Amino acid sequence: MKKYLLLLLTIMIFGRAEALEINKELHEFADNMESCYGVPRDKVLWWMYGANISEIALNRTAAPTEAKPWGEYRKLFITDDRVRGGLDFYLANEGDLVRAEHQFGVSRYVIAAIIGVETNYGKYQLKLKAIDMLATLAFNSPNRRPFFTKELKWLLIIADRENVDPHNYMGSYAGAIGYPQFMPSNFDKFGVDFDGDGKTDLVRSMPDAIGSVAKYLSAHGYRLGEQTAVQSDVSGDAWQQFDTRSMRPVKKLKELTANGITPRTPANPEQKAILYTLDGTDGKEYWILYNNLYAISRYNPRINYAMAVFSLSEEIKTAVRGAFEEGVYAE
Ligand SMILES: [Ca+2]
């Protein structure tokens, strides 16, 4: 630990820009990391001395984003470029996507769509250090400190365990890491070494990202072969009681159909379901949501997010099938 102390001393003498203040609170955090999780306190303090306050993290998490109507959101989001990107991504990663589908029981197209939505299939350049974002939000933000402190804790536990400098974990302004944008606590629970190199690397390994997304969705109840969401037609008034603006499928499909809600594609009447009304480009859309949509929403709890992943996955599936039929790509 001597080298850390020496480096700390050097930094304390020469100073640094926009540094995180190393105060009593941070010392307590470091003590806690050592006593509860076995991560040496000097190592933690050294890592934290290297962390900078991020204005981006403070500004972005403070500004609530307004929810757009679904129709508008879909048009902005499910573009030709994004679908073509999904086809390219599928063709480049088919082996791992199929393997993940078999191993975890999650649609290969949904896995592709999640990575497409999160980081544009890994093409989005992650320029922010998760440690800067999380340290800023844990120690310098007025809100949600316990949440981000917990995530910072997990970032350092993982770094210590995997023997990686935590400053190498690149992510978003909220501290989500790598291609699939996992928060560090999810990295710990659902991270998979899917390329078998002995490390779970969500920043550089696309196979690891694919396996981890599949494990996450599977653990949150996704089941291959079940429907995800389907548009329906409504009649009478009784259907309104099922329109609760919740994505949690707490009714059975047969209860919905008995009350004037007719799915445009039939499904098992015993299947758990709920109705969700969305503002489409041509007026109201009445969607029946199933358990798989709810599982997707565990990745991000906004309806537009879950619907965008679902819609994109369907578009990618259509594009892949089209490519096979045209003989552009032979299976
Ligand atoms: Ca790996």
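Residues numbered from 1 in each chain as written. Predicted model: local features only at pLDDT ≥ 70, side-chain atom pairs only at ≥ 80, totals over all residues.

Comments concerning the nonpolar core
Taken as a class, soluble globular proteins show a tendency for nonpolar side chains to be buried jointly.
Right, on to step 1. Among the nonpolar cores identified, the biggest contains 94 residues, and Ile111, Leu134, Leu289 and Val309 are the most heavily contacted of them.
Right, on to step 2. No other element matches helix α14 (residues 303-325), which puts nine residues into this core.
Right, on to step 3. When neighbours within four sequence positions are excluded, valine 309 is seen to be in contact with Val110, Ala113, Ile114, Val117 and Ile296. (Core = buried A, V, L, I, M, F, W, Y, C linked by C-beta atoms within 7 Å. Buried ≥ 20, exposed ≤ 12 C-beta atoms within 10 Å, placed from the backbone. Helix = DSSP H or I, 4+ residues; strand = E, 2+ residues; numbered from the N terminus. Contact = placed C-beta atoms within 7 Å.)

What about the packing of helix α8 (residues 130-139) against helix α9 (residues 145-162)?
Right, on to step 1. Put simply, α8 and α9 touch, their axes get as near as 8 Å, and they point 145 degrees apart. The chirality of how α8 crosses α9 is left-handed. Between α8 and α9, the residues in contact are Ala130, Ile131, Leu134, Ala135, Leu137 and Ala138 and Arg145, Phe148, Thr149, Glu151, Leu152 and Leu155, respectively.
Right, on to step 2. Class assignment for the residues of the contact of α8 with α9 results in nine nonpolar, one polar and two charged. (Axes fitted to C-alpha atoms, helices over the stretch in contact; angles between N-to-C directions. Left-handed = near helix turned anticlockwise from the far one by under 90°. Nonpolar A, V, L, I, M, F, W, Y, C, P; charged D, E, K, R; others polar.)

Some thoughts on unusual backbone geometry
Right, on to step 1. Of note, glutamine 181 is a non-glycine position whose phi angle comes to about 55 degrees, a positive value.
Right, on to step 2. With respect to the helices, strands and loops of the structure, glutamine 181 is situated in the loop between β2 (170-171) and α10 (184-190).
Right, on to step 3. Exposure remark for glutamine 181: the 24 C-beta atoms within 10 Å place this residue in the buried category.
Right, on to step 4. Its identity is not glycine, yet arginine 245 carries a phi of approximately 55 degrees, on the positive side.
Right, on to step 5. Examined against the element boundaries, arginine 245 turns out to sit in the loop between β3 (229-234) and β4 (251-252).
Right, on to step 6. Here arginine 245 falls in the exposed class, since 9 other C-beta atoms lie within 10 Å of it.

Examining the packing of helix α7 (residues 108-119) against helix α11 (residues 206-219)
Describing two packed helices takes the angle between their axes plus the distance from one axis to the other.
Right, on to step 1. Here α7 crosses α11 at 110 degrees, and the two axes come no closer than 10 Å. By the angle between their directions, the pair α7 and α11 is classed as roughly perpendicular. Between α7 and α11, the residues in contact are Val110, Ile111, Ile114 and Ile115 and Ala209, Ile210, Val213, Ala214 and Leu217, respectively.
Right, on to step 2. Counted by class, the contact of α7 with α11 contains nine nonpolar, no polar and no charged residues. (Parallel < 35°, antiparallel > 145°, perpendicular 65-115°, else oblique.)

Quick word on the sheet that holds β4
The strands that make up a sheet pair up through hydrogen bonds in the backbone, lying either parallel or antiparallel.
Right, on to step 1. Overall, antiparallel pairing links the five strands, which are arranged β4-β6-β7-β3-β5 in an open sheet. In this open sheet, the two strands that pair with only one neighbour each are β4 and β5 (261-263).
Right, on to step 2. One ladder, built from two bridges, connects β4 with strand β6 (residues 272-280); its direction is antiparallel. The residue of β6 that forms the bridge with lysine 251 is alanine 273. (Pairing = 2+ DSSP bridges.)

Quick look at the UniProt feature "active site" (unreviewed entry) in the protein chain
Right, on to step 1. As recorded in UniProt, the feature "active site" (unreviewed entry) lies at Glu118.
Right, on to step 2. Residue position: glutamate 118 is located in helix α7.
Right, on to step 3. Not counting residues up to four positions away in its chain, the partners in contact with glutamate 118 are Pro180 and Gln181. (UniProt positions renumbered as here; feature names shortened; annotations may be inferred.)

Section: α14
Right, on to step 1. The terminal C-alpha atoms of α14 lie 33 Å apart, and with 23 residues this matches the ideal 33 Å at 1.5 Å per residue to within 8%.
Right, on to step 2. Considering only its buried residues, α14 is in contact with α5 (70-77), α6 (80-104), α7, β3 and α13 (291-297).
Right, on to step 3. In the segment just after α14, glycine 327 is the residue with positive phi, at about 75 degrees. (Expected span 1.5 Å × (residues − 1).)

A few points about the environment of leucine 128
Right, on to step 1. Here leucine 128 lies in strand β1 (residues 128-129).
Right, on to step 2. For leucine 128 and arginine 144, which are 16 residues apart along the polypeptide, the C-alpha to C-alpha distance reads 20 Å.
Right, on to step 3. Apart from the residues within four sequence positions on either side, leucine 128 is in contact with Ser54, Ile56, Met133, Met170, Gly171, Ser172 and Tyr173.

So, the domain arrangement of the protein chain
Right, on to step 1. Partitioning the protein chain into structural domains gives domain 1 (2-60 + 125-219), domain 2 (70-123 + 316-325) and domain 3 (229-297).
Right, on to step 2. Computed from C-alpha atoms alone, the centre-to-centre distance between domain 2 and domain 3 is 25 Å.
Right, on to step 3. With four residues of domain 2 at the interface, the matching set in domain 3 holds five residues.
Right, on to step 4. For the side of domain 2 that touches domain 3, the element with the most residues is α5, which contributes three residues.
Right, on to step 5. Grouping the amino acids of the side of domain 2 that touches domain 3 by side-chain chemistry returns two nonpolar, one polar and one charged. (Domains from an automatic or database assignment.)

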